[in-house]
Amino acid sequence: MEEQLAELAAQVAAIEAKGNLTNTMFAETYYYLSIPLMIIIHAGFLAYEMGASRAKNALSSGVKNILAFAFVIPAFYFFGWWVYWAFPTGFSLSAGPNGISGAEYANGFALAWGEAALYMGPNTEDQIDGVFWGAFTLFAATTASIFSGAVIERIQTVGFVILAIILGGFSWTLAAAWGWHADGWLVQQWGVHDFGAAGLVHAVAGFFALGVLINLGPRIGKFNADGTANHLAGHNLPFTATGLMLIVVGFWGFLMACLVVGGEAWSWGGNFTTIYGTPTNLGALTFNILMGVAGGIIGAWLFTRDPFWMMSGALAGLISVASGLDIYFPSLVFIIAMVAGIMLKPAADVLERMGIDDAVGAVSVHGTMGIYGMLMLGIFGSGYPALLGEGAPVVSFMGQLVGIVVFVAIGFITGYVTSIILKMIGMLRVPEAAEIAGLDTVKVPAQAYPEGIMASPPASK
Amino acid sequence: MGFPFDTPTWDGVSGAIFIGMGSSAPGIYSLIAIVMCLAALFLGQGKESSKYKSHK
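Here is what the cut-offs are and how they apply
Position numbers for residues count from 1 along each chain, tracking the sequence in the order it is written. Here chains are named by letter from A upward and ligands by number from 1 upward, in the order in which they appear as written. Where totals are concerned, whole chains, interfaces and linings use all residues; where local detail is concerned, this predicted model gives features only for residues with pLDDT of at least 70, and gives and counts side-chain atom pairs only at 80 or more. We define the nonpolar core as any set of buried residues of the types Ala, Val, Leu, Ile, Met, Phe, Trp, Tyr and Cys, connected via C-beta atoms lying within 7 Å of each other. Neighbour counting defines burial: a residue surrounded by 20 or more other C-beta atoms within 10 Å of its own C-beta is buried, one with 12 or fewer is exposed, and intermediate counts give partly exposed, using backbone-placed C-beta atoms. Contact definition: two residues whose C-beta atoms, as placed from backbone geometry, lie within 7 Å. Only runs of H or I of at least four residues qualify as helices and only runs of E of at least two qualify as strands under DSSP, and these elements are numbered from the N terminus. To estimate the expected span of a helix, count its residues, drop one, and scale the result by 1.5 Å. To obtain the bend at a residue, axes are fitted to the seven residues ending there and to the seven starting there, and the angle between these axes is taken. To obtain each axis, a line is fitted to C-alpha atoms, and for helices this fit is confined to the stretch in contact; angles are then taken between N-to-C directions over 0 to 180 degrees. Angle categories: roughly parallel below 35 degrees, roughly antiparallel above 145, roughly perpendicular from 65 to 115, and oblique for all the rest. Less than a right angle of anticlockwise turn of the near helix away from the far helix marks a crossing as left-handed, whereas a clockwise turn marks it as right-handed. All amino acids are sorted into three groups, where Ala, Val, Leu, Ile, Met, Phe, Trp, Tyr, Cys and Pro are nonpolar, Asp, Glu, Lys and Arg are charged, and the leftover types, Gly among them, are polar. For every residue, the pLDDT score states the predictor's confidence, bounded by 0 at the bottom and 100 at the top.

Q: Sorry if this is basic, but what is going on with the nonpolar core here?
A: Generally speaking, nonpolar side chains in soluble globular proteins are found buried as a group. Core analysis: the largest hydrophobic core is formed by 158 residues, its most contacted members being A:Val72, A:Phe147, A:Ala164, A:Val204, A:Ala209 and A:Leu318. Look past the residues within four positions of A:Leu318 in its chain and what remains in contact with it is A:Val248, A:Phe251, A:Ile289, A:Gly292, A:Val293 and A:Gly296.

Q: I keep staring at the interface of chain A and chain B and nothing clicks. Help me out?
A: The figure often quoted for interface size is the accessible area lost as the parts come together. With 25 residues of chain A at the interface, the matching set in chain B holds 20 residues. The set of elements that each furnish at least two residues to the side of chain A that touches chain B consists of α2 (58-86), α5 (157-179), α14 (432-437) and α15 (439-443) of chain A.

Q: How should I be thinking about the environment of A:Tyr77 in this particular structure?
A: When you line up the elements, A:Tyr77 lands in helix α2. A C-alpha to C-alpha distance of 23 Å links A:Tyr77 and A:Gly206, two positions 129 residues apart in sequence.

Q: What exactly am I supposed to notice about unusual backbone geometry here?
A: Glycine aside, residues mostly have negative phi, and peptide bonds are mostly found in the trans state. Residue and element names in this part refer to chain A. Not every positive phi belongs to a glycine, and Glu 153 is a case in point at roughly 75°. Considering the arrangement of structural elements, one finds Glu 153 in the loop between α4 (129-150) and α5. Among the residues examined, Glu 153 registers 25 C-beta atoms within 10 Å and is labelled buried. In this structure, Arg 305 takes a positive phi of about 60° despite not being glycine. Structurally, Arg 305 is set in the loop between α9 (282-304) and α10 (307-321).

Q: Even after reading the chapter, I still don't get helix α11 (residues 330-353) of chain A, so can you show me in this structure?
A: Since one α-helical turn is 3.6 residues long, residues separated by three or four positions face the same way. All names here are of chain A. With 24 residues, α11 extends 35 Å from end C-alpha to end C-alpha; this agrees with the ideal 34 Å at 1.5 Å per step. The largest bend along α11 measures about 35° and falls at Met 343, with the proline Pro 346 one to four residues further on. Gly 355 sits one or two positions beyond α11 and adopts a positive phi of about 85°.

Q: Where do I start with the packing of helix α8 (residues 237-256) of chain A against α10(A) in this structure?
A: Angle between the axes and distance between the axes: these two values describe a pair of packed helices. Residue and element names in this part refer to chain A. Contact geometry of α8 with α10 gives a least axis separation of 9 Å together with a crossing angle of 15°. By the angle class used here, α8 and α10 are roughly parallel. In this structure, α8 meets α10 at a crossing whose hand is left-handed. Residue-level contacts link Leu 237, Thr 240, Ala 241, Leu 244, Met 245, Ile 247, Val 248 and Phe 251 of α8 to Pro 307, Phe 308, Met 311, Ser 312, Ala 314, Leu 315 and Leu 318 of α10. Along the lines of polarity and charge, the residues of the contact of α8 with α10 split into 13 nonpolar, two polar and no charged.

Q: Sorry if this is basic, but what is going on with the confidence of the model for chain B here?
A: Do not read the fine detail of predicted coordinates wherever pLDDT is low. For chain B, per-residue confidence averages 93 on the pLDDT scale, and residues scoring 70 or more make up 98% of the total. Here the prediction assigns the complex a pTM of 0.95, and the interface score ipTM is 0.96.

Right under this line is the structure:
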């Protein structure tokens with residue numbers, strides 16, 4: 001009998017070990033697959049920006065966008081990942097209540113030198129740090145792409161790359177450390193809840209762009225002497241609209257990576273949770289992402305009838321509900337997102353009347369809608385626990401307001417200060433002659449349309 | 001660099017397995033990579049400036 005019990009126990013242990021390994025491999029695969037999905041965001045931004053540029057600048061806009069993606073990756077490897085884990089409690093770099101933050105903690109695994117390097121490269125006993133880092137790196141690269149579109153057709157390439165490194169490696173990372181990390185002071189003290197990063201990714205990037213745009217100035221020909229604006233149409237609206245749809249596709253990966261898989265040592269429990277440990281699952285996301293995208297498109301269509309603004313409305317709708325995708329009811333999502341779609345074009349018009357030339361509406365789509373989204377959750381989600389466990393802080397309008405003020409400040413200040421320094425040293429704006437000639441002619445050794453864009457001849461009968 | 005484990009096979013090997021693990025090499029590689037990124041930006045700026053100058 002004892003032998004049978006021992007054999008049974010051994011079999012149970014073997015099954016349990018297999019189950020644990022399967023769960024670990026699932027978690028690793030889950031985040032791994034979120035990464036190529038998020039790269040679709042960049043394919044989308046690439047198409048979107050090139051299409052929104054005039055033909056004379058199409059390729060230089062593409063070069064700039066591709067370089068942002070490439071430089072943010074090493075920036076996040078060498079210091080962004082460390083910033084996320086070191087800064088949650090603020091600039092003191094001390095450990096937070098969960099003991100998973102602070103400089104000492106980050107020094108143990110988030111640096112590419114010393115003992116920490118053991119976790120920053122191939123390691124058979126660490127199946128999560130690489131894919132976690134990868135997912136966060138793509139969040140970082142997304143912020144750079146959001147900012148990228150606003151400044152097309154007149155920013156210098158290297159100056160832009162430096163700005164992208166600051167935004168992707170530091171600005172948004174600081175916001176995420178404070179408002180996403182479970183030890184983050186905005187989460188712990190104010191109950192900030194920003195599940196899908198409406199504030200800490202979109203608003204940070206949107207207001208970073210605004211800070212840069214103030215120093216960069218409008219494109220030549222955008223504004224008349226009396227202050228009225230001209231529409232500088234991009235050369236390929238179908239390409240732009242398709243790019244925007246690709247961005248929506250990629251955001252499935254982005255939002256998927258905002259979940260924490262259950263059943264692992266680093267998990268909050270046995271099932272999917274938000275990054276705050278609160279309950280959610282892929283079903284919740286599916287209901288609300290789809291309803292948000294639909295609401296945004298319909299809202300934008302009502303008053304614009306323009307495919308550019310309709311697809312921008314899809315993003316606006318998604319961003320407006322991102323903070324609470326985990327707890328909203330889909331019908332409420334649709335209402336919030338449709339209002340976002342309606343507000344989008346007027347918000348962009350206000351900015352234009354202020355003399356700001358945001359070539360693709362990035363400040364309105366990501367910045368204004370990020371603010372709106374954070375505050376909507378403060379109204380509708382008030383009273384919901386913001387973290388797992390007893391005595392957790394709760395979501396409140398005031399908490400969301402404090403959160404978004406901090407996020408906007410991080411984005412705007414870092415963008416404004418970095419860009420004014422670049423301006424002083426002559427690395428921000430291209431010379432007037434180059435802008436008029438077209439940046440492709442000046443600095444890209446390739447032609448976007450060497451044979452022009454010609455109508456196809458009809459087939460012979 | 002050599003295989004950094006006592007055994008000549010993968011049997012029983014676990015943990016960090018990358019080339020240079022356990023030595024100062026990863027830090028040196030990282031430093032060189034950072035310098036290469038900075039150099040790329042520096043050279044890129046020089047090239048870009050010369051393109052602008054030639055179009056004045």
